[in-house]
Amino acid sequence: MKKNIMQKWPLMAGLMAATGFSAQLHADEGMWIPMLLQQNEAEMQRMGLQLTAEDIYSLNHSSIKDAVVIFGGGCTGEVVSEQGLVLTNHHCGYNAIQYHSSVEHDYLTDGFWAGSFEEELPCPGLEVRFLKEIVDVTSPVLQGLDQNIPEQTRKDSVQVRSSRLSEPYQKEGYETRVVPFYYGNQYYLFVYEVYQDIRLVGTPPSNIGKFGGDTDNWMWPRHTGDFSVFRIYADSANRPAPYSASNRPYVPKHHLTIDLRGYQEGDFTFVVGYPGSTQEYISSYAVRLIENLIDPMRISARTERLDIIKAAMDRDPKTRIQYSAKAAGIANGWKKWQGEVKGLKRLNVVGSKQDYETVFQDWCSGNSGKAYAGVLPALKEAYQKLEPYQTLQIVFQEHVLAPEAVSFAYSFGTLHDVAAGIDTSRSLTSVLEACREKAELFFKDYDPAVDRAIFERLAFMLNEDGTRTQVIDFDGTTLKKQLDWFYGKSIFTSQERMAKFLDGFKPSSYKALERDPLFKYANVVYGQYFNQTAPFIRMFNAQIDSLQRLYMEGQMHLKESGDFASLEQIGLQNDIPLSNVGSERLYPDANFTMRVAYGQVKGFKPADAVEYAPYTTLAGIMEKEDPDIYDYVVEAKLKDLYARKDYGPYANELGEMPVAFVGTNHTTGGNSGSPVLNGDGNLIGINFDRNWEGTMSDVRYDPDMCRNIMLDIRYCLFVIDKFAGAQRLIDEMDIIKPDWYE
């Protein structure tokens, strides 16, 4: 196919050859729909795949898709045994690990390994989803829909049609989703089987599973043993069922074989998982907003918030446990956005998109593109109107809601309305019980002193930088008095006051809620946001959604036509991803549906005179050790194993203990925990991060700089076996050992 395209576009072929560009160079870019993988099969096989597309995704026989799960609400996991054993990242299992942790049983710090099936710990609310089928429903969803109808009318029609199309696939234990692709130009129906009884089997201590902490997050070289182990349980018929002591380990349709033979730089790899969200096809106006407003505002607010939380965690072990997952969640975006801004500026993405938009607009002047002539000017106007409301939205999200007690107080609105007789759809008894459960979970991981410090700092911060809004408008004196009231009187900042309130609750107690200072404040700020900001956000985003759908359609038609005003410009600026120039299709943006990304093991050069190798070893952990810094403490047993070089079959051919490696697979959030497979389809790693220099890949993929970071499966099994002594888990896995191990 590529040969034919290059014959059709000889100028493009000449330009790519003259500048060193090639399809192979950029083959790493893309997140491909597995049911359409036949179109990538030949290229993947040239790169080293020994399987067929049918081996990866099949409806007729077991395939790799049947061993890959949505883990929880935003990660991926993989099944690695006939008894439903699942590997995912430590940070994906973090909430479940924290749920079972206490000062007496600190599994976050010390780790946990179940010695038997009976010792595996149930995780309430944790679910995994197996993809059963993907169905192209574009035609029945879009048939007869005019592009010019109001956006909400279109969404309502799509929703009704999607519900009708889903009905034949719905049955007990199953879940369906109709998902838009290419900004609503295509639709696919996804059918999942949902398992609800998931149990914690094992987790390394945080000094392994989170080694390097937030300092190393998004960075390479990396030495983090980012994994945890869970098990899926099912009823006696192997079907999904709520937790029951009588449930049995799930028997999967397919599980992955683990390969300890390793890899060499340049080896083919592929990742199967659930990438969350990318924006490869947005306009320069959208990128400018991200680069100049959205990311900088978020970074600034979270810097202050993290400083307060980390100082409190360093002072008190209890606070460290309470806030460890929260701090990790806050820091994850904070650091990613910093790398994203830097990458967007380095690549001049705004400028290159403007160059592409000039090409697009020139194309619109001809017959084939005239239907899209007004889309870019309209997008520019819509983003200009959105910007001030986008600012207020970030203030609300990153400043107003940063103190946890604010949203906690607002969540009691249902209790107020039921007790006051405003809401008669629910019983007071059930709502009151739900509030008790919510309060118990909230105060388990809450410190009012930390919360007050965050409230005070972020409110002052708005005044300091001149961002005074209708949301927060305190001067120093007023703010201190307000905070004294909130944290000294409110039931929402004291477990004792809350318990007394709920224990003595009666219908007339809704009046006490109305008098509570934090309940009043929360309702005021939420009301201001919902009434004065959110409607405009929705209105302008609806306009942008409609225009972006049309713009995406235009980009697809432009690519198909080959009618470019400047082939050189489109080829060199890489705005339509260059991997797809000459291919049959553009890959769709990520939307938390199963995708396949493929590339190769490869290091990179992040700066002048700096070159990174493609893998790290246990020796690097010892080099980073610092007993005075929590994130760099090395477990004594790990040091002993290193000193004795007691690596078993998990060492590489050089006798090193590999820890992590990097590759050119195109990944993003949601790919955390995804299996990394070699050309034979065997498990060689677990995806867990991207490099900081490449985090702009959600907007622009750079083949020279973008790398996904993966845990070497050999280090994972080394920790399970040699460090934890959990031989029973090793015994249930199918493992290929290297020839050099005797």
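The model shown is predicted, which means the values in this text are computed figures rather than measured ones. (Residues numbered from 1 in each chain as written. Predicted model: local features only at pLDDT ≥ 70, side-chain atom pairs only at ≥ 80, totals over all residues. Heavy atoms only, no water.)

(A) Region of the structure containing the pattern of salt bridges. Going through the model one piece at a time under the given rule, you end up with 37 salt bridges. Lys-385 is the partner of Glu-381 in a salt bridge, and the nearest nitrogen-oxygen pair spans 3.1 Å. On the criterion of helical spacing, the pair formed by Glu-381 and Lys-385 is a turn pair, its members being four residues apart in helix α14 (residues 375–400). Using a relative accessible area of 42% as the deciding quantity, one classes Glu-381 as partly exposed. A relative accessible area of 40% means that Lys-385 is categorised as partly exposed. Overlapping salt bridges bring together Glu-120, Arg-231, Arg-728 and Glu-732 as one network. (Salt bridge = Lys/Arg side-chain N within 4 Å of Asp/Glu carboxyl O. Helix = DSSP H or I, 4+ residues; strand = E, 2+ residues; numbered from the N terminus. Buried < 20%, exposed > 50% of the residue type's maximum accessible area, 1.4 Å probe, protein only.)

(B) Looking closely at the packing of helix α13 (residues 349–364) against α14. Relative orientation of the contacting elements α13 and α14 amounts to 135 degrees, with a least axis distance of 10 Å. Taken together, α13 and α14 sit at an angle that is classed as oblique. When α13 is examined against α14, the residues Glu-357, Phe-360 and Gln-361 are found in contact with a partner set consisting of Val-375, Leu-376 and Pro-377. For the contact of α13 with α14, the residue count by class is four nonpolar, one polar and one charged. (Axes fitted to C-alpha atoms, helices over the stretch in contact; angles between N-to-C directions. Parallel < 35°, antiparallel > 145°, perpendicular 65-115°, else oblique. Contact = heavy atoms within 4.5 Å. Nonpolar A, V, L, I, M, F, W, Y, C, P; charged D, E, K, R; others polar.)

(C) A look at the nonpolar core. Membership of the largest hydrophobic core comes to 91 residues, with the highest contact counts inside it found for Phe-360, Phe-412, Leu-415, Phe-455, Phe-492, Met-498 and Leu-502. In terms of nonpolar packing, the next biggest core, distinct from the first, is built from 81 residues, Leu-37, Ile-258, Met-594 and Ile-720 among them. (Core = buried A, V, L, I, M, F, W, Y, C linked by side-chain atoms within 4.5 Å.)

(D) Focus on the side chain of Thr-695. Note that Thr-695 resides in the loop between β20 (683–690) and β21 (708–712). Relative accessible area serves as the criterion here: at 0%, Thr-695 is assigned to the buried category. Only 3.3 Å separates the side chain of Thr-695 from the backbone oxygen of Lys-336, close enough to count as a polar contact. Within the local environment of Thr-695, its side chain forms a polar contact with the backbone nitrogen of Glu-340, the two atoms lying 2.9 Å apart. (Polar contact = N/O pair within 3.5 Å; in protein donor to acceptor, adjacent residues only side chain to side chain.)

(E) Seen up close, unusual backbone geometry. Here the bond from Trp-220 into Pro-221 is cis, since omega is 10 degrees, no more than 30 degrees from zero. Counting through the fold element by element, Pro-221 comes out in the loop between α10 (213–216) and β10 (228–234). One non-glycine residue, Tyr-183, lies in the positive phi region at around 55 degrees. Tracing the chain through its elements places Tyr-183 in the loop between β7 (174–181) and β8 (186–195). Phi is positive for Trp-218, close to 70 degrees, though the residue is something other than glycine. Within the secondary structure layout, Trp-218 lies in the loop between α10 and β10.

(F) Seen up close, the environment of Leu-260. Structurally, the position occupied by Leu-260 is in the loop between β12 (258–259) and β13 (268–273). Once the C-alpha coordinates of Leu-260 and Lys-737 are considered, the two residues, 477 residues apart in sequence, prove to be 5.2 Å apart. Excluding its chain neighbours within four sequence positions, the residues that come into contact with Leu-260 are Pro-649, Tyr-650, Arg-714, Leu-717, Ile-735, Ile-736, Lys-737 and Pro-738.

(G) A look at the pairing of β7. Strand direction decides the pairing type here: β7 and β8, joined by eight bridges, are antiparallel. By the bridge assignment for β8, Phe-181 is matched with Gln-186. In textbook terms, the turn of a hairpin is the stretch between consecutive antiparallel strands, and for β7 and β8 this stretch comprises four residues, one of which, Tyr-182, has a positive phi near 50 degrees. (Pairing = 2+ DSSP bridges.)

(H) Representation of helix α11 (residues 284–315). Here α11 contains 32 residues, and its C-alpha end-to-end distance of 45 Å stays within 8% of the 46 Å for a straight helix at 1.5 Å per residue. Of all the bends in α11, the greatest, near 40 degrees, is centred on Ile-290. (Expected span 1.5 Å × (residues − 1). Bend = angle between axes of the 7 residues up to and from the residue.)

(I) Main features of the layout of surface pockets. Taken as a whole, the second largest pocket holds about 530 Å³ of empty space. Surrounding the second largest pocket, 23 residues form its lining, Met-313, Asp-314, Arg-320, Tyr-630 and Asp-631 being those nearest its centre. Among the secondary structure elements, those contributing two or more residues to the lining of the second largest pocket are α9 (206–209), α10, α11 and α12 (317–346). (1 Å grid on protein atoms, 1.4 Å probe; cavity = no way out; pocket = protein on both sides within 12 Å on 5 of 7 lines; lining within 4 Å. Points joined across faces, edges and corners; volume = space filled by probe spheres on them.)

(J) Quick look at the packing of aromatic side chains. Enumeration according to the criterion identifies 44 aromatic pairs in this entry. Relative to Tyr-551, the ring of Phe-360 has its centre 5.0 Å away and its plane inclined at 80 degrees; by these criteria the two rings are edge-to-face. On the criterion of sequence distance, the pair formed by Phe-360 in helix α13 and Tyr-551 in helix α22 (residues 517–561) is long-range, its members being 191 residues apart. Each member of the pair, Phe-360 as well as Tyr-551, carries the same accessibility label: buried. Each ring, one from Phe-455 and one from Tyr-521, has its centre 5.6 Å from the other, and the planes form 45 degrees; the classification is tilted. A residue pair is termed long-range when its members are at least 10 positions apart, and Phe-455 in helix α18 (residues 448–464) and Tyr-521 in helix α22 qualify at 66 residues. Tyr-521 carries the same exposure label as Phe-455, and that label is buried. Here the aromatic residues Phe-408, Phe-412, Phe-442, Phe-443, Tyr-446, Phe-492 and Phe-519 are joined through ring pairs into a cluster of three or more. (Phe/Tyr/Trp six-rings, centres within 6.5 Å; stacked < 30°, edge-to-face > 60°.)

(K) Spotlight on the confidence of the model for the chain. On average, residues of the chain score 90 in pLDDT, and 91% of them reach the 70 mark or higher. Predicted confidence is poor over residues 565–570, with pLDDT under 50, and the contacts of this stretch with residues over four places away or in other chains come to twelve contacts. This stretch, residues 577–584, has a pLDDT under 50; its non-local contacts, to residues over four places away or in other chains, come to 27 contacts. (pLDDT = per-residue confidence, 0-100.)

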